[in-house]
Amino acid sequence: MRKGETLYSLSRRYDVPLRTLVAANGLKSPYTLAVGQRLSVPSAQVHTVAKGETGYSISRRYGVTVSALMQENKIRPPYTLAIGQTLRLPGGAAGNTTTVASSSPRVVTSTPPRGRSVPRATPPPRSSSGFDWPVSGKLASRYGPKQDGLHNDGINIIARQGTPVKASDAGVVVYASNALQGYGNLLLVKHSGGWITAYAHNERLLVRQGQQVTKGQVIARVGNTGGVSEPQLHFEIRKGRQALDPLRYLQRTQASASP
């Protein structure tokens, strides 16, 4: 590691998905790096399509969106795949035993600093009232399967550019970046009990990784970054790695329902 380098800059330099870099080095949130820290840098990931697999099943397996997977491989709707076809996994894909490495892991190294440590923040207790809507607006897309084999792991809320995005509950910011393809400026907030909320396509991020946030705190501004063409917020609620329907957990109605 050299001064000023980050996981994101390393993933771009070596063309390796960010999650792969995290997994290969056993890094834990908030992923703080030190100058001189040794990092193993695997080669890029690929996946060979097996019988019965679809773009959706493969995207779920690696924790990426179908659109990001197909864009990475220049595949157009209806996203037809062939058995034995090799797919390159986009940045942000989670590691898996089917990963193919073209060479031995590379190592980045120098001399570590003295006497410096960064404490890991623990999520505060959740509020008894549950999750609140993060933004007011029109509900444009619900959780569940969509056309062309896509699947929405959350909901999309149309709102004016720059509208405040609020933390759905108290927690700790564990991700604040635009490294995951298709999500634009993305925030992930970890809550006690293994819950996580995601806020994507933001114009601006107003909090940083490792920062504690309170319920209702303004953490971002609505934008149209990533794979969308109009200002909106993509919002997810997860329990561990499982995406859940946010409409089952949000306590107060702030978005008008779409047809």
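Data block above holds the structure.
None of the values given here were measured: they were computed from a predicted structure.

Chemist: Hey, could you go over the overall build of the protein for me, with residue numbers and the actual values?
Modeler: The helix and strand tally for the protein stands at four helices and 17 strands. Residues counted as buried form 42% of the 259 residues belonging to the protein. The long-range share in the protein, meaning contacts at least 24 apart out of those at least 6 apart in sequence, stands at 67%. For the protein, the exposed area adds up to about 13,300 Å²; of that, 50% sits on carbon and sulfur atoms.

Chemist: Let's hear about the packing of aromatic side chains: which residues, and what values?
Modeler: All told, the structure shown has three aromatic pairs when counted by the stated rule. Pairwise contacts between aromatic rings join F131, W195 and Y249 into one cluster. Seen from the ring of F131, R126 lies directly overhead, with NZ or CZ sitting 3.9 Å from the centre.

Chemist: Lay out the pairing of strand β10 (residues 171-177) with the relevant residues and their values.
Modeler: Most of β10 sits inside the fold, with six of its seven residues counted as buried. In this structure, β10 lies alongside strand β13 (residues 212-213), joined through two bridges in antiparallel fashion. Bridge pairing in β13 links V172 to Q212. Sheet analysis places β10 next to strand β11 (residues 185-191), joined by five bridges and oriented antiparallel.

Rules behind the numbers
Residues numbered from 1 in each chain as written. Predicted model: local features only at pLDDT ≥ 70, side-chain atom pairs only at ≥ 80, totals over all residues. Heavy atoms only, no water. Helix = DSSP H or I, 4+ residues; strand = E, 2+ residues; numbered from the N terminus. Buried < 20%, exposed > 50% of the residue type's maximum accessible area, 1.4 Å probe, protein only. Contact = heavy atoms within 4.5 Å. Areas by Shrake-Rupley, 256 points an atom, 1.4 Å probe, with all protein chains shown as cover. Phe/Tyr/Trp six-rings, centres within 6.5 Å; stacked < 30°, edge-to-face > 60°. Lys NZ or Arg CZ within 6 Å of the ring centre and 35° of its normal. Pairing = 2+ DSSP bridges.

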